[in-house]
Amino acid sequence: MSQPMRTKWKFFLTSLIALGALFIPSLPTFAETASPSPSPTPSASQVVSPSPSPSASPTPSPTASAPPVINPAPAFDINKASSQAVVVNKIRPLKPITYKPRDLVYYNGVALARVTSDSLVKLAFGMKKAGAGTLRLNSGYRAYSTQSFIYKDRVARLGLKAGEALAARPGYSEHQTGLAADVSAVGQGCVIQVCFGSTKAGKWIAANAWQYGFIVRYPNGKTPITGYQYEPWHLRFVGIEIATDMRAKKISVLETYWGLPAAPTYLY
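The model shown is predicted, which means the values in this text are computed figures rather than measured ones.

> What should I look at first to understand the state of the cysteines in this one?
Working definition of a disulfide: a covalent bond connecting the sulfur atoms of two cysteines. Applying the stated criterion across every chain yields a total of one disulfide. Shown here is the disulfide that connects Cys190 with Cys195, its sulfur atoms set 2.1 Å apart. Linking Cys190 and Cys195, the disulfide has an S-S dihedral of approximately -120° and is accordingly described as left-handed.

So this is what it looks like as structure tokens:
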């Protein structure tokens, strides 16, 4: 091909290629199709902490609150044989009837429930300090069998009515609880007699025994309620709280204090 002819074809092909570029879109390169460019990493100032996802409310910090209310057991149980508040009389026998306290101790050789003995020691000290005499314990705890012997002896010697006005049947005696104490005073006479109430010791006991948790269980003039004659020597431990409340309310017998019926005689 002659030189002029080659020059014409070269011009023709160049023109044709340029004309095609106007109508055919550019194809992406391999680098462009392999993977997209990563998003630019934000700077520290652009980073925003994500909001917490909605979940259960956070547990509040512990704060002081009132303690749970617990219903306490009754402070005093007048039916339980081992309770210092137990009421024993001619219509309220002990349960079990042969009850024996577990905490017996000895006061000058005479058995008593521990709480009675501890309080009697304090009463004796107070009495002596007041110049009212030296306390003597004549009788304390009596077993069912011992009370049975005493009861039969009193009834045999005095008759049923007089005997039962002085000595309880076994199982119905305060002495069996270990909470009762028959007392006297050294050198003042009237031992286990009504006249003890007129002695210096008897008067002091009647006026002050409540401070130590004792009451004179069978006061003068209360036989129709208690079922027993006046016994100024017979003390019964009921605890300082009850004894103090009885004194404040001017109530002298447990039956009245607890709203119980009178017990002048046995039910059978």
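> Explain the side chain of Asp182 to me, please; I cannot follow it from the model alone.
With respect to the helices, strands and loops of the structure, Asp182 is situated in strand β4 (residues 180-185). Of note is the side chain of Asp182, whose polar atom sits 3.2 Å from the side chain of His175. Contact partners of Asp182, with chain neighbours within four places excluded, come to Arg136, Leu137, Asn138, Ser139, Arg142, His175, Ile192, Trp233 and His234.

> Before we go on, may I ask you to explain the side chain of Arg169 in this structure?
In this structure, Arg169 sits in the loop between α5 (160-164) and β4. You can call Arg169 buried: its relative accessible area is 18%. Within polar-contact distance, the side chain of Arg169 engages the backbone oxygen of Tyr268 at 2.9 Å. With near-sequence residues (within four places) excluded, Arg169 lies in contact with Gln147, Tyr151, Glu164, Tyr266 and Tyr268.

> What am I meant to see in helix α6 (residues 200-208) here?
Owing to its 3.6 residues per turn, the α-helix brings residues three or four apart onto one side. Within the sequence span of α6, burial applies to Ala201, Gly202, Trp204, Ile205 and Asn208. Viewed along the axis of α6, the buried residues span an arc of 165°, placing them on a single side of the element. Exposed and facing more than 90 degrees away from the buried side of α6 are Lys203 and Ala206. Tucked inside the fold, the buried residues of α6 contact α3 (114-129), β3 (135-139), β4 and β6 (231-237).

> Explain the environment of Ile240 here, please?
Tracing the sequence through the fold places Ile240 in helix α8 (residues 240-248). Taking the C-alpha atoms as reference points, Ile240 and Gln211, separated by 29 residues in sequence, lie 6.3 Å from one another. If we skip the residues at most four places from it in the chain, Ile240 touches Trp210, Gln211, Tyr212 and Gly213.

> Teacher, can you tell me more about the pattern of salt bridges here?
Note on pairing: side chains with opposite charge can pair once their charged atoms come close. Scanning the entire structure with this criterion turns up eight salt bridges. Notably, a salt bridge pairs Arg217 with Glu174, separated by 2.8 Å at the nearest N-O pair. On the criterion of sequence distance, the pair formed by Arg217 in strand β5 (residues 214-218) and Glu174 in the loop between α5 and β4 is long-range, its members being 43 residues apart. Across the pair, exposure class does not vary: Arg217 and Glu174 are buried alike. Among the ionic pairs, Lys249 bridges to Asp245, the shortest N-O distance being 3.0 Å. The exposure class assigned to Asp245 is partly exposed, which follows from its relative accessible area of 25%. Bridged by salt links that share partners, the residues Glu174, Arg217, Arg236 and Glu255 form one connected network.

> When you look at the layout of surface pockets in this model, what are you seeing that I'm missing?
Empty pockets left among the atoms are what a rolling probe the size of a water molecule brings to light. When its volume is computed, the largest pocket comes out at roughly 390 Å³. Lining the largest pocket are 19 residues, and of these Ala206, Ile215, Val216, Arg247 and Ser252 lie nearest its centre. Sorting the residues of the lining of the largest pocket by element identifies α6, β5 and α8 as the ones contributing at least two each. Of the residues belonging to the lining of the largest pocket, the class tally is 13 nonpolar, four polar and two charged. The volume enclosed by the second largest pocket comes to roughly 270 Å³.

The rules behind these values
- Residues numbered from 1 in each chain as written.
- Predicted model: local features only at pLDDT ≥ 70, side-chain atom pairs only at ≥ 80, totals over all residues.
- Heavy atoms only, no water.
- Disulfide = S-S within 2.5 Å.
- Helix = DSSP H or I, 4+ residues; strand = E, 2+ residues; numbered from the N terminus.
- Polar contact = N/O pair within 3.5 Å; in protein donor to acceptor, adjacent residues only side chain to side chain.
- Contact = heavy atoms within 4.5 Å.
- Buried < 20%, exposed > 50% of the residue type's maximum accessible area, 1.4 Å probe, protein only.
- Arc of directions from axis to C-beta.
- Salt bridge = Lys/Arg side-chain N within 4 Å of Asp/Glu carboxyl O.
- 1 Å grid on protein atoms, 1.4 Å probe; cavity = no way out; pocket = protein on both sides within 12 Å on 5 of 7 lines; lining within 4 Å.
- Points joined across faces, edges and corners; volume = space filled by probe spheres on them.
- Nonpolar A, V, L, I, M, F, W, Y, C, P; charged D, E, K, R; others polar.

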